[in-house]
Amino acid sequence: MSNPTPGQGAPVSSPPHDSTGTTPQDETIVPDAEFEAALPKLSDDINAPLEPMKDFDKPAPVQQPTPGAVTDQIESFPPPAAEAPEFAQPLTPLAEFKVEPVKIEGLDDEKVTAIRYTTAVEGLDAIGLKDRFRDLSALEDGDGKAANAAMVAARAREDELLAVRLMRSLGYYDGTAISTIEQNPKNSGNVRATITATPGALYRLNDVKIVSGPTVPAGLLDRELNLNPGDPIQAERVQGAEANVSLRLPQQGYPFVKLGDRDILLDEETHRGDYTLPVDLGPRAVFGEIVTTGRRPVFDVDHINVLRRYKPGKIYDSRQVDDLRDALIATSLFSVVSVEPVKTGKPGPDGTEIVNLLVRQNAGRPRTLAAEIGYSTGQGFRAEGTWTHRNLFPPEGALIATAVIGTQEQGVSGTFRRSNAGLRDRTFQVQAGVSHLDYAAFESYTGSLAVRWSRDSTPIWQKRWTYFYGGEIVGSNEDQYNYNKGARDRGTWLIAALPTFVGYDASDNLLNPTRGFRLRANVSPETSVRGAARPYARLMAEGTIYRPVSSSIVIAGRARIGSIPGIARNDLPPSRRYYAGGGGSVRGFGYQELGPRSPDGRPVGGRSLNEFALEARYRFGNYGIVPFIDAGQVYEGLYPTLQDMRFGAGIGGRIYTNFGPLRVDVATPIKRKSGESRIALYISIGQAF
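Residues numbered from 1 in each chain as written. Predicted model: local features only at pLDDT ≥ 70, side-chain atom pairs only at ≥ 80, totals over all residues. Heavy atoms only, no water.

With respect to the pattern of salt bridges
Summed over all chains, the structure comprises 35 salt bridges. Measuring nitrogen to oxygen at the nearest pair gives 3.8 Å for the salt bridge that ties Lys485 to Asp489. Exposure remark for Lys485: the relative accessible area of 62% places this residue in the exposed category. By relative accessible area, which is 15% here, Asp489 ends up buried. The salt bridge involving Arg560 is made with Glu611; its shortest N-O contact spans 3.0 Å. Linking Arg560 in strand S23 (residues 553-563) with Glu611 in strand S24 (residues 608-620), this pair joins segments that are 51 residues apart in sequence. Judged by relative accessible area, which is 16%, Arg560 ranks as buried. Since its relative accessible area comes to 0%, Glu611 is described here as buried. Salt bridges here are not isolated pairs; linked through shared partners, they connect Arg587, Glu615, Arg617, Asp630, Arg654, Arg663 and Asp665. (Salt bridge = Lys/Arg side-chain N within 4 Å of Asp/Glu carboxyl O. Buried < 20%, exposed > 50% of the residue type's maximum accessible area, 1.4 Å probe, protein only. Helix = DSSP H or I, 4+ residues; strand = E, 2+ residues; numbered from the N terminus.)

Take a look at the structure:
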C-alpha cells in the first residue's frame, strides 16, 4: 500500500493541542449544507494542477507555556494525602512469612475427593521379578489411593519404565511393558491398573574380551572376572564380576589397577552380546618402606613398623594394608589416619616395582573420661570412674586413674599401660591400688602391685586367641571366722602370685555373641604368708556356647568349674577363696551367698565350685527378653561334687545399643531357704556371659 492508513502500518497522529483546554468533542458538529458550501470548487479538467489549500503552508503558532504558568499549574494540584503508617513498618522476614490457607465455608479440606485402585502385574513372575517390582512400584507406593485417574495413569507410566529397567537388568533387552487402567467393577468409581510385561528372549554373552597387558600369573584377569560365553547378561552379575576384579587384583600385586568403561554390543537376531572390558593394570608391585606425613603426627615410622604384619619385598596385598589401617584405628589416638600405596619408580624383583605405603596421620584427643554404674542384690550399687591419657608416654604409653565407690567396695588405683609393646597386640601393664571390701563373707583392706603382659580382645579388635601372664604382690588385712576360737578375728596375709590365662574365642561378637563358643582357663600358682608360707594353686576352666535357633532367638549356655589344691580352706585368705552367687555367677542369690556358712550365718567360701547357666535370648528390634535358669554350688573340698546344687530362675530385659546391650535381670531362688532374698536384681552392661 503506497499510502497506509492508521491500522495498516501508518502512525496515528495525535490531536492538536488546544490552549483553551477544550477538545474537538466539546465543539458543535458542522451541518452538512455548511460543510458542502465550504468545500472549494474543483475544475472539470482532471489534468489541471491542484489548487493550493488556503493557509496550508502557515501552520497556526503554538503558544509555549511560560515557567510561571507551569508552576502555577503544578501548584494548583491539591497536596497529597498522608501516607498510611503501615507503609513505614519494616517488611516481615522471609523465614517468618506465613501463608494461611484460604478457608472456604462449607468445604472440609480433610475430605478430599479420591479414588481407590488396585494393582495387577502380569508377565514378571515367570522371570522372578514380581516381588522386586512391587518393592519399587510407584503404584504400590501409593497404597491404592490417588486424587484422580490422571495420577493413577502417571504412576502406571512410571511403572512401565520400571518393568523395562528390571527386565533389562536380567538380560531381557527386548522386554516391553504396557499399562491399562479400567474401572473395576464398572461404574464403581474404583479402578484397576494392570502392568503387563513381555520379557522376550534372554540375551547371553557371546564373546568375552579383556583388553589388557599380560598378568602374573597368566590368566589372572580371566579367572577373577569369571564371565563366560553363554552366561546371561545380567547387570548384577556383570557389575559383581568387575567389582571382584577391582578387589582381588590389589590382593595379588596390582595396587593401581583401573577398570575402564565396559562395552556390550548386542545382536538382536542371535540375542547374543559381545563384552569388552579395558583394564589398566599398572605395575606389579612389592612392599617397600613406610613413609608418613601429617600436621600432628602420633607415631614415627619405627612404631608403625611394629604394627605391620607383612615383610618388605613381599608381593603387595591390599589385605595387609587394610590390616595396618585397622591396627592404627584401634589405638584410638587419631582424628584422621589413612594408608595408601605410592609409586617409587624403583625396580623390584621379577619385573615388579617397589611401592611404599604413605601413612597420613593427625593426632586426636588423647584423654578420656569414662564411668560405669551397676547394681546387684547382695552387692548393692557400684560406680567406677576412670581418667585416661592414652599417649602420655609415647608411643602408646597410657596412664589410667581409677576410682570405685560402692555400697560394699571403695578403692583407687593407678595403671601404666603400653599397648603394642615391642610386638603387635602385646600389652605391658603395671598397676598399683588400694581397696576396701565389705562383703557378707569378709571385710578386707588391701594393697596390691601387679605387672603383666597380655594379648587382649576389644570391641574394635576381637581376637581369636588371648592370654596374659605376670606377677602380683598383695598385702591384705581381712576378717574371718576362727573355728578354734568360735568367733571372728582379723589377720594379715602377704600373697605372691603368678597368674596366667589363655582363652579361645570363636564367637561372632565380644559384647553380644549370637553364635560360636568360647573357652577359658586360669592357672595361678600362689603363696600366702601368715606366720608360715603355704603354697597352693587356683585353677578355673570355663566354656560358653551360643546357638541361634531362629532369626530372633539365641540359646546360650555356660559351664564353669574351679579348684584350689595344696592348702586347707581355713588357711586360705578369705579373699582368695571361691564364692558363688550374684549377677555373673548364679542369679537369684545375693553376691557370694552360696556355699558353706560359718556358725554366725555368714558365707565362708570354699576350695571348689561348679556353675551352670542356660538362657533363651529373644530380640525384637533394639529390645530383648531373656528367660534364664542358673545353677551352682561351692564346696569345702578339693573337687566340685555336683551335690546340693542350688537353682535360680528369672527373666531379663535387654536394650541393645551401639556399645553393647544394657542388661536388667530379675531372679528368684528355687526352694528358697531362710535368710535368702526372695527377689534379686542385677543391672549392668553386656550379656551375663
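Some words on the sheet that holds strand S3 (residues 176-183)
One open sheet accounts for four strands, arranged S2-S1-S4-S3; its pairing is mixed. Each edge of the sheet is formed by a strand with only one pairing partner; in this case those strands are strand S2 (145-146) and S3. Strands in contact with helix H5 (residues 149-169) are strand S1 (115-122), S2, S3 and strand S4 (191-198); relative to S3, the strand with the most contacts, it is inclined by about 155 degrees. (Pairing = 2+ DSSP bridges. Contact = heavy atoms within 4.5 Å. Axes fitted to C-alpha atoms, helices over the stretch in contact; angles between N-to-C directions.)

Some remarks on the side chain of His436
With respect to the helices and strands, the residue His436 is situated in strand S16 (residues 427-438). Relative accessible area serves as the criterion here: at 17%, His436 is assigned to the buried category. Polar side-chain contacts of His436 include one of 3.0 Å to the side chain of Glu443. In this structure, His436 is in contact with Gln408, Glu409, Gln410, Glu443, Ser444 and Tyr445, ignoring residues within four places of it in sequence. (Polar contact = N/O pair within 3.5 Å; in protein donor to acceptor, adjacent residues only side chain to side chain.)

Concerning the pairing of strand S20 (residues 500-505)
On S20, burial follows the alternation: Phe501, Gly503 and Asp505 on one face are buried, whereas Thr500, Val502 and Tyr504 on the facing-out side are not. By the bridge criterion, five bridges tie strand S18 (residues 465-482) to S20 in an arrangement that is antiparallel. Its bridge partner being in S20, Phe468 is matched across the sheet by Phe501. Note: S20 against strand S21 (residues 516-530), six bridges, orientation antiparallel. Within the sheet, the bridge partner assigned to Val502 lies in S21 and is Ala521.

Topic: the packing of aromatic side chains
Scanning all chains against the criterion turns up 18 aromatic pairs. For the pair Phe393 and Phe416, a centre-to-centre distance of 5.6 Å together with 70 degrees between the ring planes defines the contact as edge-to-face. Of the two residues, Phe393 is situated in the loop between strand S13 (380-389) and strand S14 (397-406) and Phe416 in strand S15 (residues 409-418); the sequence distance between them amounts to 23 residues. An aromatic cluster of three or more residues is present, and its members are Phe428, Trp453, Tyr467 and Tyr469. Just above the ring of Phe468 sits the side chain of Arg452; from NZ or CZ to the centre is 4.5 Å. (Phe/Tyr/Trp six-rings, centres within 6.5 Å; stacked < 30°, edge-to-face > 60°. Lys NZ or Arg CZ within 6 Å of the ring centre and 35° of its normal.)

Details of the environment of Ile181
Among the secondary structure elements, Ile181 is positioned in strand S3. Remark: the alpha-carbon pair of Ile181 and Val191, spanning 10 residues in sequence, is separated by 6.6 Å. Ile181 has contacts with Val152, Ala153, Ala156, Val191, Arg192 and Ala193, leaving out every residue within four places of it along the chain.

What to know about the confidence of the model for the chain
Per-residue confidence for the chain gives a mean pLDDT of 87, with 86% of residues at or over 70. Predicted confidence is poor over residues 1-26, with pLDDT under 50, and the contacts of this stretch with residues over four places away or in other chains come to six contacts. Across residues 106-112, confidence stays below pLDDT 50; counting only partners more than four residues off in sequence or on other chains, it has one contact. (pLDDT = per-residue confidence, 0-100.)

Section: the pairing of strand S26 (residues 646-657)
Sheet topology places strand S25 (residues 623-635) next to S26; 10 bridges connect them, and they run antiparallel. Directly across from Gly632, in S26, lies its bridge partner Arg646. Where S26 lies against strand S27 (residues 660-669), 10 bridges are found, and the strand directions are antiparallel. Of the residues in S27, the one forming a bridge with Thr657 is Gly660. Counting the residues that bridge the hairpin from S26 to S27 gives two residues.

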